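Residues per chain, in single letters:
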Amino acid sequence: MDQKDFLTNIAFDSVVFGFSGGSLKILIMEYHNTGFFALPGGFVQRNENLNDAVRRGLKERTGLDNIYLEQFYTFGDTARYKPEIMQTILESGNYSLEKYEWLLDRFISVAYYALINYKEVVPQPDALSDSCEWYDIDALPPLIFDHADIVAKALQTLRDNLDRKLVGMNLLPARFTMNDLQKVYEAILGEKIRRTTFQRKMLSLEILKRHEKQYLGKAHKAPYLYSFED
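Starting afresh in each chain, residues are numbered from 1 along the sequence in its written order. Whole-chain, interface and lining totals are the exception, using all residues; otherwise, since this is a predicted model, local features are given only for residues with pLDDT of at least 70 and side-chain atom pairs are given and counted only at 80 or more. Side-chain descriptors were evaluated using all non-hydrogen atoms of the structure, hydrogens and water having been removed beforehand.

Caption draft 1: Focus on the overall build of the chain. In this text, helices come from DSSP runs of H or I with a minimum length of four residues, and strands from runs of E with a minimum of two, each type numbered from the N-terminal end. Within the chain, the regular secondary structure consists of 6 helices and 10 strands. Expressed along its principal axes, the backbone C-alpha trace of the chain runs to roughly 70 × 30 × 30 Å. The classification of residues rests on relative accessible area computed with a 1.4 Å probe and restricted to protein chains. Under 20% of the type maximum is buried, over 50% is exposed, and intermediate values are partly exposed. Scored against the burial criterion, the 230 residues of the chain give a buried share of 47%. Two residues qualify as a contact provided that any one of their heavy atoms is within 4.5 Å of a heavy atom in the partner residue. For the chain, the share of sequence-separated contacts (at least 6 apart) that also reach a separation of at least 24 residues comes to 71%. Here Asp and Glu are counted as negative and Lys and Arg as positive; His is not counted, and neither are the chain ends. To locate a charge, take atom NZ for lysine, CZ for arginine, CG for aspartate or CD for glutamate. Put simply, the chain has 28 plus and 32 minus side-chain charges, and the middle of one group is 11 Å from the middle of the other.

Caption draft 2: Examining helix α2 (residues 83–92) more closely. Within α2, the full set of buried residues consists of Ile85, Met86, Ile89, Leu90 and Ser92. Elements in contact with the buried residues of α2: β2 (23–31).

Caption draft 3: A look at the environment of Ala222. Counting through the fold element by element, Ala222 comes out in the loop between β9 (208–213) and β10 (224–228). Between the C-alpha atoms of Ala222 and Glu212, which are 10 residues apart in sequence, the distance is 9.6 Å.

Caption draft 4: Local environment of the pattern of salt bridges. A pair is scored as a salt bridge if a Lys or Arg side-chain nitrogen falls within 4 Å of a carboxyl oxygen belonging to Asp or Glu. Summed over all chains, the structure comprises 10 salt bridges. For the salt bridge of Glu48 with Arg56, the shortest nitrogen-to-oxygen distance reads 2.7 Å. Assessed through its relative accessible area of 24%, Arg56 is described here as partly exposed. A salt bridge links Asp146 to Arg80; its shortest N-O distance comes to 2.8 Å.

Caption draft 5: Representation of the packing of aromatic side chains within the structure. Classification of ring pairs rests on two measures: the distance between centres of Phe, Tyr or Trp rings, Trp counted by its six-membered ring, which must be within 6.5 Å, and the angle between planes, read as stacked under 30 degrees, edge-to-face over 60 and tilted in between. This model, assessed by the stated rule, comprises 13 aromatic pairs. Relative to Tyr135, the ring of Phe37 lies with its centre 6.2 Å away and its plane at 80 degrees, an arrangement referred to as edge-to-face. Here Tyr135 lies in strand β7 (residues 129–136) and Phe37 lies in strand β3 (residues 37–38), a separation of 98 residues in the sequence. This pair shows no difference in class: Phe37 is buried, exactly as Tyr135 is. Judged by centre distance (6.5 Å) and plane angle (40 degrees), the rings of Tyr68 and Tyr113 are tilted. Placement of Tyr68 in strand β5 (residues 68–75) and of Tyr113 in strand β6 (residues 108–115) is noted, with a sequence separation of 45 residues between them. Note on Tyr68: relative accessible area 22%, which makes it partly exposed.

Caption draft 6: Representation of the confidence of the model for the chain in the model. When pLDDT is averaged along the chain, the result is 91, and 95% of the positions lie at 70 or above. Scored from 0 to 100, pLDDT reflects the predictor's confidence in each residue. Mean pLDDT values for the elements of the chain range from 73 in helix α4 (residues 168–171) up to 98 in β3.

Caption draft 7: Focus on the layout of surface pockets. Put simply, the grid is 1 Å and covers the protein atoms alone, a cavity is a trapped set of points that fit a 1.4 Å probe, a pocket is an open set with protein on both sides within 12 Å along at least five of seven lines, and lining residues have an atom within 4 Å of a point. Grid points are joined across faces, edges and corners, and a volume is the space filled by probe spheres set on the points. By volume, the largest pocket amounts to about 760 Å³. Lining the largest pocket are 38 residues, with Tyr31, Gly41, Gly42, Phe43 and Met86 positioned closest to its centre. When contributions to the lining of the largest pocket are tallied by element, the ones reaching two or more residues are β1 (6–20), β2, β4 (41–45), α1 (50–62) and α2. When residues are grouped by polarity, Ala, Val, Leu, Ile, Met, Phe, Trp, Tyr, Cys and Pro land in nonpolar, Asp, Glu, Lys and Arg in charged, and all others, Gly among them, in polar. Its residues placed into classes, the lining of the largest pocket shows 23 nonpolar, 6 polar and 9 charged.

Caption draft 8: Spatial organisation of the nonpolar core. To form a nonpolar core, buried Ala, Val, Leu, Ile, Met, Phe, Trp, Tyr and Cys residues must be joined to one another through side-chain atoms within 4.5 Å. Formed by 38 residues in total, the largest nonpolar core has its most connected members in Val15, Phe17, Leu181 and Leu208. Looking at this core, the elements with two or more residues in it are β1, β2, β5, β6, α3 (147–160), α5 (178–189), α6 (195–204) and β10. Tallying contributions element by element places α5 first for this core, with 6 residues.

Caption draft 9: Region of the structure containing the side chain of Gln182. Here Gln182 is to be found in helix α5. What makes Gln182 buried here is its relative accessible area of 7%. Other than its neighbours up to four places away in sequence, Gln182 contacts Ile193, Arg194, Arg195 and Phe198.

Caption draft 10: Examining the sheet that holds β9 more closely. The pairing criterion for strands is at least two bridges between them, as found by DSSP. Strand order in the open sheet made by the 3 strands is β8-β10-β9, with antiparallel pairing throughout. Looking along the sheet, the strands with just one partner apiece sit at the ends: β8 (176–177) and β9. Strand direction decides the pairing type here: β8 and β10, joined by 2 bridges, are antiparallel. The residue bridging Phe176 from the neighbouring strand is Tyr226, located in β10.

Written out as structure tokens, the structure reads:
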């Protein structure tokens, strides 16, 4: 990772949301031999569009190409500048501080959130990390820099745009039950929703297409499957 190949002082961080077991999850990386946890992120090549850089980084971490992305905020407070953390990360990975001195400078980070199907991902750590794993939104480890603030802002943005962004389309399989969709909403909002109220609201939005019933047990209790309208 040579300095001449990348833009200096600008980075990106990605809050990657997935949904499984009734809970909202986020991808978190642990840096090698440091005990430091962080969001997946990276740097922008000089001949690369910002969005393309983020998609490249996410493909490296998730293996997926077609990922829903939303840029939601830029983080640039002076308080996020903590070169001693990056120095520890580099030293723990046996990287030359002289060669990678540019990584110890102050960076402004453009933040994105991504919505992906949890079951399609095999998370991959980068060269500086030991692991890249899913964590429940309510059980995140302490994060370096201002990454906890980035997660909080991403979650609030997601909540504020829940209907408009049709987030379930990216967190659920192509066909799902109304109960599946309700669980996604409840996980994001962090609260329970009355079933009849939720169903009435979703049907009134006219964004769902109803399909055949899902027969798993008793026929009279089989729920309908739905998909989002094209």
